[in-house]
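Overview (structure and organization)
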Amino acid sequence: MSHREIKLLAKELHKQNITGLQWAGSDAWVTDHSLTDSEGHSILVGSLGFTVSKAKIPGLEEHLRQLHPSQFPDSQFVRDFWEDVFDCALNATENTKKKPCTGLESLQNIDSQFTDVSELRFSNNVYKSVYAVAHALDNLIKCEEGKGPFLNSSCADIKNIQPWQVLQYLDSVNFTTQEGERVYFDRNGDSPARYELVNLQMTNKGTMEGVTVGIYDASLPESHQFITNNIPVVWGNGLTQEVPVSVCSESCLPGTHKVLQKGRPVCCYDCIPCPSGEISNVTSIICMKCPPVYWSNKQRDACIPKTIEFLAYNEILGLLLVLFSLLGVFLTIITTLVFYCHKETPLVRANNSELSFLLLFSLTLCFLCSLTFIGRPSEWSCMLRHTAFGITFVLCISCVLGKTIVVLMAFKATLPGTNMMKWFGPAQQRLSVLAFTLIQVLICILWLTINPPFPFKNMKIYKDRIILECALGSPVGFWAVLGYIGLLAILCFVLAFLARKLPDNFNEAKFITFSMLIFCAVWITFIPAYASSPGKFTVAVEIFAILASSYGLLFCIFLPKCFIILFRPEQNTKRHI
């Protein structure tokens, strides 16, 4: 916007009595002297604007005051300027009412815009440009052969200077003017920016003038590029202390962001809290997303590390599972002591004491392996928890399977003409348990070799938390371990079911059938519960399945026998068995 348009605008605003506006002006009008005389110019008081810095060019005023038309006989501008200033005619032959000029007129004591050098702004750029080219030419002429900037360190031919050669030297110009202003060009060919912050203020005489209240100089260090002159700034409301602010909306606090109000100016907005996972602080006006491992705090003004969650020993759920696991170990040990103290009794001898003690040992390991699922997952704990679970349960089911086969063989052996027990004696029982267990060991070794379980930070389930869990590595390995346990359990259940109608003397098959029914029911319901449980509850479901199936085997197979041994000793006789 030029000074002409500003004059019209100020005049109209003055008529409408609109005051207190804060103007931001450009160098096209903020330093224009003609605004002082315009109607309504007082409205512009307090205007602020950046403009090209002014400077005093040494010797320029003296040179201008020594100019005379005789030095420029063909210049129409000089002729018109001279006749206008001195109100005389240089050419006496022309038909004019002006008196002829005497030739003694001088600009030494004349005040005019032509001789006024107090507001040289753009002229200073011309001054610096001329001197920059002069320095470039000077350096070009003074070039020493063998030290030039051109091919093979050559210098330019002084008698045939090319523009591109001058430009080469112009890039490296670096000098300081008599006013102390440094002149150079950066790698983009730009000179350092230098501007004055001008404030339109009223003088004691009642006129308006531009006062320099600050200077911006890009050639200075970054922390000193803007310098104030300690001159009070007059604002649009005519005050010097109260800085004008937006009267529409206050600045948004950290943790919120601006949302523009529809149909209103851009300075009118609502402050809306940042969404979860995003923040804003004093340095930003928009919400920024936190890094993947961080989350926003309640105030939404800082990113904090996400909470890492896993099934720990010190929480209620973890503590309850530990107590149930240790309780299972305790009950198994008590059962083992009861059987050991009565190992010579008919009931214990008739129930294959060797396999019973091995089964109790494997149940103890099953209860203990659930503890490996609790605590912070690590490489070793992830590999141990699944393999220990798989091997101990196969050992346990193998013992139950062996006991089931012994029941069937014992009944068949009582029939006339049969001699089946020799095919499944103690040696064969041990080998069958070992063989079944070694197959599971081989599956676990292949799983750990090809793609073992490993600790994994799951950030998909919850946005504000990190679930630290054990990734399966190879899902095929995991389901192979579970599938093999399930296969043995089903085989054991089928054999025990076939032996359920044996005489009451061989009623252990009924207990095994019931225990396998509980075992299979637990692990069948485990699969959908495991797949749908979020976070650390996945681990809790797996531990619950281990404990439930272990308690089922312990209570169904051993509790009735312990009850007879301790509370019905009269039934623990060879005749009754």
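Just so you know, these numbers come straight off a predicted model, no measurement behind them.

**Structural notes on the pairing of strand 2 (residues 48-52)**
Buried residues dominate strand 2, accounting for four of its five residues. Where strand 1 (residues 24-25) lies against strand 2, two bridges are found, and the strand directions are parallel. Bridge pairing in strand 2 places Gly 25 opposite Gly 49. Of the strand pairs in this sheet, strand 2 and strand 7 (residues 194-202) are connected by five bridges, and their pairing is antiparallel. What sits directly across from Phe 50, in strand 7, is Leu 197.

**Some details on the pattern of salt bridges**
Enumeration over the complete set of coordinates arrives at eight salt bridges. Between Glu 181 and Lys 128 there is a salt bridge; the shortest N-O distance is 2.6 Å. Highlighted residues: Glu 181 in the loop between strand 5 (174-176) and strand 6 (182-184) and Lys 128 in helix 4 (residues 122-141), separated in sequence by 53 residues. Taking relative accessible area as the criterion, Glu 181 reaches 11% and is therefore assigned buried. The closest approach of N and O atoms between Asp 138 and Lys 142, which form a salt bridge, is 3.1 Å.

**Let's talk about helix 4**
Between its first and last C-alpha atoms helix 4 spans 29 Å; for 20 residues at 1.5 Å apiece the expected length is 28 Å, and the two agree. Looking only at helix 4, the buried set comprises Asn 124, Tyr 127, Lys 128, Ala 132, Ala 136 and Leu 140. Packing partners of the buried residues in helix 4 comprise helix 5 (163-170), strand 5 and strand 6.

**Focus: the domain arrangement of the protein**
In many analyses, interface size is given as the accessible surface area lost on bringing the parts together. In terms of domains, the protein is made up of domain 1 (3-53 + 195-238), domain 2 (58-116), domain 3 (118-180), domain 4 (256-305) and domain 5 (316-415 + 424-571). Taken over C-alpha atoms, the centre of domain 3 sits 52 Å from the centre of domain 4.

**A closer look at the packing of aromatic side chains**
In the structure shown here, the tally under the stated rule is 14 aromatic pairs. Geometrically, the ring pair formed by Tyr 551 and Phe 555 is tilted, given 5.6 Å between the ring centres and 40° between the ring planes. On the criterion of helical spacing, the pair formed by Tyr 551 and Phe 555 is a turn pair, its members being four residues apart in helix 13 (residues 537-567). For Tyr 551, a relative accessible area of 12% translates into the label buried. Classification of Phe 555 as partly exposed rests on a relative accessible area of 37%. Taken together, Phe 150, Trp 164 and Tyr 169 form an aromatic cluster joined through their ring pairs. Positioned above the aromatic ring of Tyr 184 is the side chain of Arg 182, whose terminal nitrogen or guanidinium carbon lies 4.2 Å from the ring centre. In this arrangement the basic side chain of Arg 465 is found over the ring face of Tyr 462, its NZ or CZ atom lying 3.8 Å from the centre.

The rules behind these values
- Residues numbered from 1 in each chain as written.
- Predicted model: local features only at pLDDT ≥ 70, side-chain atom pairs only at ≥ 80, totals over all residues.
- Heavy atoms only, no water.
- Buried < 20%, exposed > 50% of the residue type's maximum accessible area, 1.4 Å probe, protein only.
- Helix = DSSP H or I, 4+ residues; strand = E, 2+ residues; numbered from the N terminus.
- Pairing = 2+ DSSP bridges.
- Salt bridge = Lys/Arg side-chain N within 4 Å of Asp/Glu carboxyl O.
- Expected span 1.5 Å × (residues − 1).
- Contact = heavy atoms within 4.5 Å.
- Domains from an automatic or database assignment.
- Phe/Tyr/Trp six-rings, centres within 6.5 Å; stacked < 30°, edge-to-face > 60°.
- Lys NZ or Arg CZ within 6 Å of the ring centre and 35° of its normal.

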